[in-house]
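Each chain, written out:
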2 protein chains.
Amino acid sequence: MTTSFNINEFIYDFKNCCNKVQKKSFNKDETITSYIRNRNQFCILISGNADLVRYDLNGNRTIIEHFSESDIFGEVFYSITTNNELLVEAKSKCEVLIYNYYDIHTKCTKNCKFHQTLSEYLPELILNKITDLNMRVELLTKRTTRDKLLGYFNLLSTKALNKTFKIPFSLTDLADYLSVDRSAMMRELKLLKDENFINKNGKEITLLYK
Amino acid sequence: MTTSFNINEFIYDFKNCCNKVQKKSFNKDETITSYIRNRNQFCILISGNADLVRYDLNGNRTIIEHFSESDIFGEVFYSITTNNELLVEAKSKCEVLIYNYYDIHTKCTKNCKFHQTLSEYLPELILNKITDLNMRVELLTKRTTRDKLLGYFNLLSTKALNKTFKIPFSLTDLADYLSVDRSAMMRELKLLKDENFINKNGKEITLLYK
DNA sequence: ACATATTTGTTGCTTTTGCAACAAAAAACA
DNA sequence: TGTTTTTTGTTGCAAAAGCAACAAATATGT
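Residues numbered from 1 in each chain as written. Chains lettered and ligands numbered in written order. Predicted model: local features only at pLDDT ≥ 70, side-chain atom pairs only at ≥ 80, totals over all residues. Heavy atoms only, no water.

## Looking at the pairing of strand 8 (residues 94–100) of chain B
All names here are of chain B.
Now for step 1: Of all seven residues in strand 8, five are buried, a share of seventy percent or more.
Now for step 2: Note that strand 1 (residues 22–26) and strand 8 share five bridges and pair antiparallel. Paired with K23 across the strands is L97, a residue of strand 8.
Now for step 3: Bridging between strand 3 (residues 41–47) and strand 8 involves six bridges; their strand directions are antiparallel. Residue pairing for strand 8: Q41 is matched across the bridge by N100. (Buried < 20%, exposed > 50% of the residue type's maximum accessible area, 1.4 Å probe, protein only. Helix = DSSP H or I, 4+ residues; strand = E, 2+ residues; numbered from the N terminus. Pairing = 2+ DSSP bridges.)

Spelled out as structure tokens, the structure:
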């Protein structure tokens, strides 16, 4: 997440905001929500990590999006035309605020400061989401497993301001995120290492080129 | 595009809006803009069709997004971390409004009705963009050429409210949009036809299953 | 600390995809 | 209308990716 808005700077203003919002907690591996029909559901992740995943008919699992603190998600951003299951799964203990999207724009009945701040920062959060999605598309349109890996590593390196960084997924999840076969990806990682494009130590990667 | 907002219902209010906006025309195959650095550029397509394309180092061309009337695009939605060329190319005669994104939120110096309407509908346009991008990700994460084709055909069929519909691309462009090799895609289309999943007559497709 | 479950690393084999090349059909253009 | 360019349809062959299976290393839970 690239936003300068950090929800936890404001969350102390959140006591009993208007009755339109729910605050919920989830344990690792619990389902936060599933996208079934459009209920204008809008969620903000206060803490933890979660993935939007799809299980297709062949048993393939795909990580469509990866969410961390201050990221937004929910059915309001999705027109559900697929017949696959779309779930948001907690990857660690998570705290989530759940709104109806259109309730955010109207003034909170208790006129709480948190609600006000949220609606003020909403455009920024949304712009960041679009930027993230565009990067995701950019990555997924790469033709080969190698290009996907290098493209993703470049992003991580840029984010970390360092040629060395840690993959924020298990390698199994990384394959599901890049939408490639895990064993083929492992093979490619080995080749990238053998050809001195990268150094790899578990989940720690160093870019050796440029 | 799925929005209920249609820019041409309002464009008559656009005379000489504030000096912050440019209206430009482009012929087929002209470059509308290229994404180089972040200038907060925000564009709306008034008429015509355009593609956001990337040319990579191997000479592959990818259609990242396809734009039609009322669609929005521009550098403001992109953090340019790639070293590939990103261009918006007119696929037909196009008319485009070009803003600085942050000028839209502030009141127009001439207080014109068009500007007012635009800023009012902006959240809706942006929500639609996110929905479109999510569908795009959904499609691109499909593992096989077959699944990509069927997934895309389902979208078109749903949009057209009909099992028969026309592909809005040339088949060459469709391959670039689905990020697959054209000849492999043609082979797969033939297989889908032979196995009675679809009927195909040039660019007209009929779904035969379900 | 131990037993159990998950992830990582690896490989042989199969299937799918990509590449190159070319003819036929269709579209654009002059 | 005739010529040129682009798109479509097809194929043989090469390369890449997917599948299945298993051992070793880590992580998890009690």
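## Things to note about the packing of helix 4 (residues 171–178) of chain B against helix 5 (residues 182–194) of chain B
Residues and elements named next belong to chain B.
Now for step 1: Close contact between helix 4 and helix 5 brings their axes to 9 Å; oriented N to C, the two are set at 105°. Taken together, the axis directions place helix 4 and helix 5 in an arrangement best described as roughly perpendicular. Residue-level inspection shows L171, T172, L174 and A175 of helix 4 in contact with helix 5, the latter providing R182, M185, M186 and L189.
Now for step 2: Across the contact of helix 4 with helix 5, the residue classes tally to six nonpolar, one polar and one charged. (Axes fitted to C-alpha atoms, helices over the stretch in contact; angles between N-to-C directions. Parallel < 35°, antiparallel > 145°, perpendicular 65-115°, else oblique. Contact = heavy atoms within 4.5 Å. Nonpolar A, V, L, I, M, F, W, Y, C, P; charged D, E, K, R; others polar.)

## With respect to the relation of the copies chain A and chain B
Now for step 1: Between chain A and chain B, the superposition needs a rotation of 180° and an axial shift of 0.0 Å, giving an RMSD of 0.1 Å. On the angle and the small slide along the axis, the relation comes out as a two-fold axis.
Now for step 2: When you check the interface residues of chain A against chain B, 100% turn up at the interface there too, and the contact is symmetric in its surfaces. (Least-squares fit on C-alpha atoms with pLDDT ≥ 70 in both.)

## Quick look at the protein's contact with DNA strand D
Now for step 1: As a structural note, the neighbourhood of DNA strand D is formed by 19 residues, with A:T145, A:D181, A:S183, B:L171 and B:K200 the closest of them.
Now for step 2: Put simply, 52% of the atoms of DNA strand D that lie within 4 Å of the protein are in sugar or phosphate.
Now for step 3: The separation between a phosphate oxygen of DNA strand D and a polar main-chain atom of A:T145 is 2.8 Å.
Now for step 4: Residue B:R182 places a side-chain N or O atom 3.1 Å away from a base nitrogen belonging to DNA strand D.
Now for step 5: When grouped by side-chain class, the residues that make up the surface near DNA strand D number four nonpolar, six polar and nine charged. (Near = heavy atom within 4 Å. Polar contact = N/O pair within 3.5 Å; in protein donor to acceptor, adjacent residues only side chain to side chain.)

## Here we look at the protein's contact with DNA strand C
Now for step 1: What surrounds DNA strand C is a group of 18 residues, the closest being A:L171, A:K200, B:T145, B:D181 and B:S183.
Now for step 2: Per the 4 Å cut-off to the protein, sugar and phosphate atoms form 51% of the nearby atoms of DNA strand C.
Now for step 3: At 2.8 Å from a phosphate oxygen of DNA strand C is found a main-chain nitrogen or oxygen belonging to A:L171.
Now for step 4: Within the side chain of A:R182, an N or O atom sits 3.1 Å from a base nitrogen of DNA strand C.
Now for step 5: Within the residue set of the surface near DNA strand C, elements represented by two or more residues are helix 4 (171–178) and helix 5 (182–194) of chain A together with helix 5 of chain B.
Now for step 6: Sort the elements by how many residues they give to the surface near DNA strand C and helix 5 of chain A lands first, with five residues.
Now for step 7: Residues that form the surface near DNA strand C fall into these classes: four nonpolar, six polar and eight charged.

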